[in-house]
Amino acid sequence: MVDVVVSKLARFHGDDRSDIEAMVDADLVPHDRLVARFRAAVDFFSGDAREQDFPRYLRSLHTVERDLLLVEETEIEFAEWVGG
């Protein structure tokens, strides 16, 4: 389920957020695994066209952390050339 959440962070429209919220409510999204998979996705996609969207994906992750998981936002830094 964590991989599904990470993939939904890219689009993060209303249905995506609702889906993520349902998975969080069902205790299917451990915070530590979510952050680890997010970091792995960032590493994997570094260097391709999606890299410039990383800050937006991070904002989506922070929304999930803050509003759904009720935890502090994780600080994640990107390469200095990534837009922000």
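Located above this text is the structure these notes cover.
Anyway, here's the lowdown on the structure attached to this text. (Residues numbered from 1 in each chain as written. Predicted model: local features only at pLDDT ≥ 70, side-chain atom pairs only at ≥ 80, totals over all residues. Heavy atoms only, no water.)

1. Section: the side chain of lysine 8
Heads up, the condition is: For helices the rule is a DSSP run of H or I covering at least 4 residues; for strands it is a run of E covering at least 2, with both sets numbered from the N terminus onward. The criterion used for residue contact is that any of the two residues' heavy atoms lie within 4.5 Å.
Secondary-structure assignment places lysine 8 in helix α1 (residues 2-11). Not counting the four nearest positions on each side in its chain, lysine 8 is found in contact with Asp16, Asp19, Ile20 and Met23.

2. Observations regarding the nonpolar core
The condition that has to hold: Take the buried residues of types Ala, Val, Leu, Ile, Met, Phe, Trp, Tyr and Cys, join any two whose side-chain atoms come within 4.5 Å, and each joined set is a nonpolar core. Think of it in three bands: with a 1.4 Å probe and only protein chains considered, a residue is buried below 20% of the maximum accessible area for its type, exposed above 50%, and partly exposed in between.
Leu9, Ile20, Leu34, Phe38, Leu61 and Val64 are the most contacted members of the largest nonpolar core, which totals 20 residues. Among the elements that line this core, the one with the most residues is helix α4 (residues 54-69), at seven residues. Beyond its immediate chain neighbours, meaning those up to four positions away, leucine 9 contacts Ile20, Phe38, Tyr57, Ser60, Leu61 and Val64.

3. Some remarks on the packing of helix α2 (residues 14-25) against α4
Rules: All axes here are fitted lines through C-alpha atoms, helices being fitted over the stretch that makes contact, and every angle between N-to-C directions spans 0 to 180 degrees. An angle counts as roughly parallel when it lies under 35 degrees, as roughly antiparallel when it exceeds 145, as roughly perpendicular when it falls between 65 and 115, and as oblique in every other case. Here is the rule for handedness: rotate from the far helix to the near one, and if that takes an anticlockwise turn smaller than a right angle the crossing is left-handed, while a clockwise turn gives right-handed. Each residue is assigned to one class: nonpolar for Ala, Val, Leu, Ile, Met, Phe, Trp, Tyr, Cys and Pro, charged for Asp, Glu, Lys and Arg, and polar for all the others, Gly among them.
As a packed pair, α2 and α4 sit with axes 11 Å apart at the nearest point and diverge in direction by 50°. Here α4 runs oblique to α2, going by the angle between their axes. Crossing angle aside, the handedness with which α2 passes α4 is right-handed. Contact residues: Arg17, Ile20, Glu21 and Val24 in α2; Thr63, Val64, Asp67, Leu68 and Leu69 in α4. Of the residues that constitute the contact of α2 with α4, the class distribution is five nonpolar, one polar and three charged.

Fair warning: the whole summary comes from geometry, so function is off the table for now.
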